[in-house]
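Per-entry structural report
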Amino acid sequence: MLLILSTAAALNVAKSITGGLKSQGVEKACEDNCQQYLHWDLGLVGLEKLLIKPNDMLGNLLSSRGVEYFKIDQLIQAASSIFPFRSIRAGKELTIVTDLADSSVQALVYEPDPYRRILFHLEDSIRVEVQEKETETKVETAGGTIDQSLWVSMDEQNLPYELISAMEDALGWSVDFYHIQKGDSYKLVYERKYVEGKPMGIGKLIGAEYTSGSSEYYSIRYNSGKHDGYFDLEGRPMKKAFLKSPVEYSRISSRFSNNRFHPILKRNKGHFGTDYAAPCGTPIRAVADGRITAASYTSGNGNFVKMKHDKTYETQYLHMSKFGPGIRPGVMVKQGQTIGYIGQTGLATGCHVCFRFWKNGKQVDHLKEKMPPPQAMDPSQLPEYFKIRNEVKAMLDGVDIKKAPVEKEIDLFQS
Ligand SMILES: [Zn+2]
């Protein structure tokens, strides 16, 4: 098996390479069944991998390998409607399949992406073939205990970044991934795509569990057609809706605008928030669960609080007379919890809260944001959901958590 490959390698590497293409040498083209490469017998053909450089002309390459011009023309014609030569990109690899007996070019093989293979045939008839590679989706599990950070823990297990992002979607409303505790643990059930046996991207995150101290959070993905998203063990949506306003009884005294006359600065300036007027001292509530990222003072904002809700949304509350009990950076708060009180600190003309809504780091008008409230599960769908939940939960509970490495004290003076 290996012998055949190395024979092919020796023969091909020995060949001179022209046309500006640089040989990468012959690599192992197959992992398991190396008697064959695609449908060629490796005892009869050689494989040569080339790295395509800018301005490489395939026609030149072929003619330098002795392919007649009329054949090259036919191939260009055949390719034009299927995969034109100009679609071949510099920086990618091209495999030349040659007949070991007479070095004639049998075919070119090009992979535009991990899912397709283009075969330019020259052996019997001149034709171009697009092969879809065999893909498979497997359900896999992972888990770990956090020693430094979630990112480090997942990275140590070679879990791709997409999985961290998916985990934020599943649990981001309940777990503050930016302030995790050492010793917290996670378990995941997810799909992974394989192309011809090679692991590729992550598919759906099917379930996630996170333990912090004595709190456990489960998130199960469920799509019934009517409901699509993450739900807790009782079937309640993991994603929470935002309250419409941060003050219960209030009126809007100024709306979001990109340009308005500022009553104190006496000039036109954008107003990137919505003002809710209410008597000074009225409680201001968090519009959704989240983490306090700032509780401080600036001359413009006065006393203000900023919160992060998930990876997309943040909210900010300005001009407070004082902060709510226990409100300081890092604290997790619940929707509706009092985070401060209406005041007129900073640049403010009367008692109000200037409510600012941040989406992906940009201030937007929350009244114009389309945020469909998370759909509660239909009671009629709960039995089906519970069946899926039980299966996924059993898989999650079965994940063997890798223990965080134990830190060892090194005694430098030990003999
Ligand atoms: Zn305002």
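In the block above lies the structure referred to throughout.
To start, this report covers the structure provided alongside it. (Residues numbered from 1 in each chain as written. Predicted model: local features only at pLDDT ≥ 70, side-chain atom pairs only at ≥ 80, totals over all residues.)

1. Things to note about helix H5 (residues 161–171)
The condition that has to hold: Note on burial: count the other C-beta atoms lying within 10 Å of the residue's C-beta; 20 or more is buried, 12 or fewer is exposed, in between is partly exposed, and C-beta positions come from the backbone. We count a stretch as a helix when DSSP gives it H or I for four or more residues in a row; a strand needs E for two or more, and each element gets its number in order from the N terminus. Read the arc as the range of directions from the helix axis to the C-beta atoms.
Residues of H5 that are buried: Leu163, Ala166, Met167, Ala170 and Leu171. Down the axis of H5, the smallest arc covering the buried residues is 115°, so these residues share one side.

2. Side note on the sheet that holds strand S22 (residues 322–323)
Within a sheet, neighbouring strands are paired by backbone hydrogen bonds and run either parallel or antiparallel to one another. In plain terms, the rule: Strand pairing follows a simple DSSP-based rule, namely that at least 2 bridges must link the two strands.
Strand order in this open sheet of three strands is S18-S24-S22, and the pairing throughout is antiparallel. Unpaired on one side and paired on the other, strand S18 (283–285) and S22 mark the two borders of the sheet. Looking at chain direction, S22 and strand S24 (residues 338–341) are connected through two bridges and run antiparallel. Paired with Lys322 across the bridge in S24 is Tyr341.

3. Here we look at the pairing of strand S10 (residues 185–195)
Judged from the eleven bridges that link them, strand S9 (residues 135–145) and S10 form a sheet pairing that is antiparallel. Bridging across to S10, Glu140 finds its partner in Tyr190. In the sheet, S10 pairs with strand S11 (residues 198–212) via nine bridges, with the strands oriented antiparallel. Residue pairing across strands places Arg192 opposite Ile202, the latter belonging to S11. Hairpin connection, S10 to S11: the antiparallel pair is bridged by two residues, and Glu196 has positive phi, about 45°.

4. Some remarks on the sheet that holds strand S12 (residues 215–223)
So the rule is basically this: A fitted line through C-alpha atoms serves as each axis, taken over the contacting stretch for helices, and the angle formed by two N-to-C directions is quoted from 0 to 180°. Two residues qualify as being in contact provided that their C-beta atoms, derived from the backbone, are within 7 Å of each other.
Sheet architecture is open: five strands sit in the order S9-S10-S11-S12-S13, paired in antiparallel fashion. Looking along the sheet, the strands with just one partner apiece sit at the ends: S9 and strand S13 (228–231). Averaged over all neighbouring strand pairs, the angle between strand axes comes to 25°, with direction disregarded. The pairing of S11 with S12 spans six bridges and is classified as antiparallel. When the sheet's bridge partners are listed, Ala208 is paired in S12 with Ser219. Against the sheet, helix H6 (residues 382–397) makes contact with S9, S10, S11, S12 and S13, and its axis sits at roughly 130° relative to S12, the strand it touches most.

5. Looking at the pairing of strand S17 (residues 274–277)
Summarising the sheet, strand S14 (residues 251–254) and S17 pair through three bridges and their orientation is antiparallel. Directly across from Ser254, in S17, lies its bridge partner Asp275.

6. Quick word on the environment of Gly66
Position of Gly66 relative to the elements: it lies in the loop between helix H2 (58–64) and helix H3 (69–80). Judged by C-beta crowding, with 10 C-beta atoms within 10 Å, Gly66 ranks as exposed. C-alpha separation for the pair Gly66 and Ser104, spaced 38 residues apart in sequence, amounts to 7.2 Å.

Functional significance is not addressed by these values, which are geometric in nature.
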